[in-house]
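The residues making up each chain are set out below.
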Amino acid sequence: MTMTSTFDRPVRQYNFGTMSLLVFPATALLLAFLVLPTAVVVVLSFTDYELGMDGLRYIGLSNYSDMLADRVFWQSVRNTALYVALVVPGSIFTALAVALLIERRRALTRFYKVAFFLPVTATLVAMATVWEFILHPSIGLANHLLKVLGVDPVRFLSDPDWAIVSLAVIGIWQSIGFNMVLFLAGLSSIPKEIDEAAALDGAAGGIDRFLIVTWPLLGPTTLFVTITTAINAMRVFESVAVITQGGPNKATEVILYSIYLEAFQYFRTGYASALTVVFLLVTVSLIILQMRVADRKVHY
Amino acid sequence: MTDIDNAAIDATGLTKQFGGHRVLGPVDLSVRPGEFLTLVGPSGCGKSTLLRLIAGLETASEGSIRIAGRIVTDAPPRARDVAMVFQNYALYPHLTVAQNIAVPLRMRRLSLPQRLPVVGPLLPRSAATLSQINDDVEQTAKSLGIGHLLSRKPAQLSGGQRQRVALGRAIVRKPRVFLLDEPLSNLDAQLRVQMRSELVQLHRRLRVTLIYVTHDQAEAMTMSSRIAVMFAGEILQIGTPEAVYDDPDHLKVASFISNPGLNTLPFIAIANTQLGCQLGAMASASPDCTIAFRPEACATVSSGEQSDLSGRLIFCERFGAEAFAHIAVDYAEHPIIARVEPGNAARMSCDQLVHLSLDVSKLFLFGSDGSRLRHQRRAAA
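Residues numbered from 1 in each chain as written. Chains lettered and ligands numbered in written order. Predicted model: local features only at pLDDT ≥ 70, side-chain atom pairs only at ≥ 80, totals over all residues. Heavy atoms only, no water.

**Student:** Residue-level account of the interface of chain B and chain A, with values.
**Tutor:** On the chain A side, the residues contacting the 26 residues of chain B number 20 residues. For the pair chain B and chain A, the summed buried area comes to about 2,000 Å², and 66% of that belongs to carbon and sulfur atoms. Of all residues in chain B, the largest losses of buried area upon contact with chain A belong to Tyr92, His94 and Met107 of chain B, amounting jointly to 27% of the total for that side. Taken together, chain B and chain A are joined by two salt bridges. Here chain B and chain A share seven residue pairs in polar contact (both at pLDDT 80 or more) between them. (Contact = heavy atoms within 4.5 Å. Buried area = accessible area lost by both parts, 1.4 Å probe. Salt bridge = Lys/Arg side-chain N within 4 Å of Asp/Glu carboxyl O. Polar contact = N/O pair within 3.5 Å; in protein donor to acceptor, adjacent residues only side chain to side chain.)

Structure follows, in structure tokens:
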């Protein structure tokens, strides 16, 4: 009897005070660490505030118009876009291939998972130094390998054409592990029966089964992996800061590195805020795109 | 149709082990061409494993399988020309009904390059084959009454409609062997009865060799030309439904193929009765044997004189057309269930003393290992 009445009690009996108390911790944390800083950045982007200076002046959209007129800004957008365009497909298809290979294995799967996941856990700043050695023009392992193959050595990090590609390779190496784990989770959620139905329907080999079962049913995973990898690639910073500092000749200047330079080297906080707002808008629109597509196309 | 369209299946000495634990066999099974054979048994008895071995989804640990005389023990599913319907239908969720049914035809009639997306349809001779496939898919869908659903996705279909799509995908390429793994267990009771008769008609129309796996004795009894009753990885009895019902080889078989249940009594319970004397000659050979009979083998009698058993009524199940009285009898571990006329049932009251007489010709005698003691009938006569 008492149980029934507990369940039947109308919701409005919880008064406003209780509800406010219950949502207070989460709301306070969200406000303090997410909403307020974002709001401050948006407000600062309309001012000429400089770090450490007293006072600030409302200057409307001129930070934004400066940005659009800035050659370096467009250079960093192009570099970031190129970096994303290399890392996303490179990381996704390698991670998918690795996940498929690991999933088919019987023995040592745990070893391979750990091995491929290690770069994710490694500190990128330290790893960037290691990569610097590997890619060193004269003593680096990479050029040694090229020499063995009879290819002329490449100045991976100081050649403006190669620098962003080299960083992209590091980015791919670093993100494969995480994407592999996501793909493995996606693969394990594919019902075994559908694979078996495909085998009975006459799907002969790996290509057929991949095309008719694995690839389509991984759709939601692939979409998620694509968006997260793209957002992470857009946020590339450590390897640039440690290895190339945006060089040579701004060939690896990326958006986040520009923001860092403007905010913490040149102290132009207002301008850096405007850059951040633009960056945030691009990221958020990618996430919205993911949710839209996920709802419509890849869930069955 | 010619004989090539249906095929005999022969399994010899088939076993399957998982991690050192034997789950199946050794099993010997011969399925005749065009037969509707049902594998029936409780869950975990190995019936699905046997079906999957025949389908090629599992590889046998020992033994061999022949389909239409050809040894296929180690052949992949594709090479066996078998079609299967899964319990959960296993439809491709991203494909429409038409595309789902077309998959087996695409896999067989199109070459690998022709099957590739985008470029495939542009290759020479693709268009003609594709339109032929479309025609066949439409015809199959119409024959199953799902012609109007061709452009839907599986998620938009009811359970019964998905079932038909799965059937369509299996029959569209006219396989020689048709395997069904508990295909009706996800449907509601009414639809299940309807699908039973549709499946039987489908089998009659296609005349393929069909193996049907179920744990439902009603499905086994009503649909099959023969049934194989399985327990603990072995086939205990195989025969027509009537033969298995009327003449069970094993206590477990008799008990599984009984509705609502099989009555069992230790022989000593009736050793001193008239019936006991009738059976005496036999039973003396094995004093710890069990007497078993179905609810329809006993009838209520008015006085104790003609009765073989008596006990107190504890519960009466009335179904309208028939009724079952549950009677607590000394020595019997479980209440004895007797089928009674609904009219009589209405007059019975709980705790009332009920006398039962048994039809000796419908009694079975089983040894302590559960195997049937056969000469019983002669002794009774």
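Having seen the structure, we can now continue with the description.
**Student:** Break down the confidence of the model for chain B for me, with residues and values.
**Tutor:** Looking at chain B, pLDDT values average 85 and 94% of them are 70 or higher. A low-confidence stretch, residues 376-381 of chain B (pLDDT under 50), is modelled with 14 contacts involving residues beyond four sequence positions or located in other chains. (pLDDT = per-residue confidence, 0-100.)

**Student:** Residue-level account of the packing of aromatic side chains, with values.
**Tutor:** Taken as a whole and judged by the stated rule, the model has 14 aromatic pairs over all chains. Centroid distance Tyr257 of chain A to Tyr260 of chain A: 5.7 Å. Interplanar angle 40 degrees. Geometry classified as tilted. On the criterion of helical spacing, the pair formed by Tyr257 of chain A and Tyr260 of chain A is a turn pair, its members being three residues apart in helix α13 (residues 255-265). For Tyr260 of chain A, a relative accessible area of 28% translates into the label partly exposed. Measuring from centroid to centroid gives 5.9 Å for Phe319 of chain B and Phe324 of chain B, while their planes differ by 80 degrees, and the two rings are edge-to-face. We classify Phe319 of chain B as exposed; its relative accessible area is 54%. (Phe/Tyr/Trp six-rings, centres within 6.5 Å; stacked < 30°, edge-to-face > 60°. Helix = DSSP H or I, 4+ residues; strand = E, 2+ residues; numbered from the N terminus. Buried < 20%, exposed > 50% of the residue type's maximum accessible area, 1.4 Å probe, protein only.)

**Student:** Would you mind going over unusual backbone geometry in detail, with residue names and values included?
**Tutor:** In the segment running from Asn259 of chain B into Pro260 of chain B, the intervening peptide bond is cis, with an omega of 5 degrees. Structurally, Pro260 of chain B is set in the loop between α9 (251-256) and β11 (263-266). Phi is positive for Leu108 of chain A, close to 65 degrees, though the residue is something other than glycine. With respect to the helices and strands, the residue Leu108 of chain A is situated in the loop between α4 (71-104) and α5 (109-121). In the Ramachandran plot, Tyr89 of chain B falls in the positive-phi region, its phi being about 70 degrees despite a non-glycine side chain. We classify Tyr89 of chain B as buried; its relative accessible area is 6%.

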